[in-house]
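Structural characterization, general
Listed below, chain by chain, are the residues.
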Amino acid sequence: MTSVMGLLEEREAAARVRVEGLQAEADRILAELGLAETVLERRVIALAELAEAVAAPAEQAESTVPGPREDAVAKDRVPVAGSIVPRWHRTMTVEALSADYRRIVELVESGPGEVEGISAKEIAAALELELVPAKIEGVRSRARRLAERGWLTVLPSGRFKPRQSTKTVPGPAGTPGGRDGG
């Protein structure tokens, strides 16, 4: 007849094996989830880019260098929630962004993180969002999109800092305008 201690040790060993198996399965599922989220994000971006390309007038799609006419068009447009993040160029202001993206840019610009940057969690806290992984990842996704479009700079550590001239709209004094300086 086996002892009570031996029975408990067997049950503990069985429970340990089960926990290790479930942990391995959870790790595998989390890895798959990360890949699926990446694919989803890429599909959302592709769809948004396609919608932007289809909605843009032909002449605007052909121009590669932003001119004064495009700046006037950008000022006339009012961003809406869920709108596409336009690529930054020196004549654009944060007013071209939707409210959510504008708040992130303004927060990063006004933050203390000039050198070390600011994390997505710190941005979420400053935006007074609930500090849960889903909200933090949403902020990280928006900040990365802003960095991809040139509005922010993302550091190798994953932290965000302002681009050098986001607030500066006009060019240097005395610089001739137009193509090739003329």
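To start, this report covers the structure provided alongside it. (Residues numbered from 1 in each chain as written. Predicted model: local features only at pLDDT ≥ 70, side-chain atom pairs only at ≥ 80, totals over all residues. Heavy atoms only, no water.)

Turning next to the overall build of the protein. Counting secondary structure elements, the protein contains six helices and two strands. N-terminal to C-terminal, the α/β element order of the protein is α-α-α-α-α-α-β-β. Sorting the 182 residues of the protein into buried and exposed places 24% on the buried side. Taking the contacts inside the protein whose residues are at least 6 apart along the sequence as the reference set, 52% of them involve residues at least 24 apart. (Helix = DSSP H or I, 4+ residues; strand = E, 2+ residues; numbered from the N terminus. Buried < 20%, exposed > 50% of the residue type's maximum accessible area, 1.4 Å probe, protein only. Contact = heavy atoms within 4.5 Å.)

The subject of this paragraph is a nonpolar patch on the surface. A cluster of nonpolar side chains, namely L47, L50 and V54, defines an oily patch on the protein surface of about 330 Å² accessible area. Assessed through its relative accessible area of 58%, L47 is described here as exposed. (Patch = residues over 30% accessible without salt bridge, like charges linked within 9 Å, V, L, I, M, F, W, Y side chains within 5 Å. Areas by Shrake-Rupley, 256 points an atom, 1.4 Å probe, with all protein chains shown as cover. Salt bridge = Lys/Arg side-chain N within 4 Å of Asp/Glu carboxyl O.)

Evaluated as defined, the whole model comprises six salt bridges. Residues E49 and R149 are paired through a salt bridge, measuring 2.7 Å at the closest nitrogen-oxygen approach. With E49 in helix α1 (residues 4-55) and R149 in the loop between α6 (133-148) and β1 (152-154), this residue pair connects regions lying 100 residues apart in the sequence. Judged by relative accessible area, which is 29%, E49 ranks as partly exposed. For R149, a relative accessible area of 6% puts it in the buried group. A salt bridge links R159 to E122, with the nearest nitrogen and oxygen atoms 3.1 Å apart. Taken together, the residues R159 in the loop between β1 and β2 (160-162) and E122 in helix α5 (residues 120-126) connect sequence positions 37 residues apart. Residue class for E122 comes out partly exposed when judged on its relative accessible area of 37%. Connected via shared salt-bridge partners are E49, E148 and R149.

Our focus in this paragraph is α6. With 16 residues, α6 should reach 22 Å at 1.5 Å per residue; the first-to-last C-alpha distance of 22 Å fits that figure. Residues I136, V139, S141, A143, R145, L146 and A147 constitute the buried set of α6. If you follow the buried residues of α6, they end up packed against α1, α4 (99-110), α5, β1 and β2. G150 sits one or two residues past α6 and shows a positive phi near 95°. (Expected span 1.5 Å × (residues − 1).)

Within the largest apolar cluster, 24 residues are counted, with the highest numbers of intra-cluster contacts made by L97, I104, V105, I123, L146, W151 and L152. Breaking this core down by element, the ones donating at least two residues are α4, α5 and α6. Residue contacts for L152: discarding those within four places in its chain leaves I104, V105, V108, A143, L146, A147, K161, P162 and R163. (Core = buried A, V, L, I, M, F, W, Y, C linked by side-chain atoms within 4.5 Å.)

Before going further, it helps to spend a moment on the environment of L146. Note that L146 resides in helix α6. We classify L146 as buried; its relative accessible area is 0%. Residues L146 and V85 lie 61 residues apart in sequence; the distance between their C-alpha atoms is 7.0 Å. With residues up to four places along the chain from it excluded, the contact list for L146 reads V85, L97, Y101, I104, V105, W151 and L152.

Attention now moves to the packing of aromatic side chains. A complete count under the given rule lists zero aromatic pairs for this structure. It is R163 that lies over the ring of W88; its NZ or CZ is 3.3 Å from the centre. (Phe/Tyr/Trp six-rings, centres within 6.5 Å; stacked < 30°, edge-to-face > 60°. Lys NZ or Arg CZ within 6 Å of the ring centre and 35° of its normal.)

Moving on, we get to the packing of α4 against α6. Where α4 meets α6, the axes come as close as 10 Å, and the angle between the chain directions of the two elements is 80°. Looking at the two axes, α4 sits roughly perpendicular to α6. Facing D100, Y101, I104 and V105 of α4, the residues of α6 in contact are V139, R142, A143, R145 and L146. Classifying every residue of the contact of α4 with α6 gives six nonpolar, no polar and three charged. (Axes fitted to C-alpha atoms, helices over the stretch in contact; angles between N-to-C directions. Parallel < 35°, antiparallel > 145°, perpendicular 65-115°, else oblique. Nonpolar A, V, L, I, M, F, W, Y, C, P; charged D, E, K, R; others polar.)

All we've got here are geometric facts, nothing functional implied.
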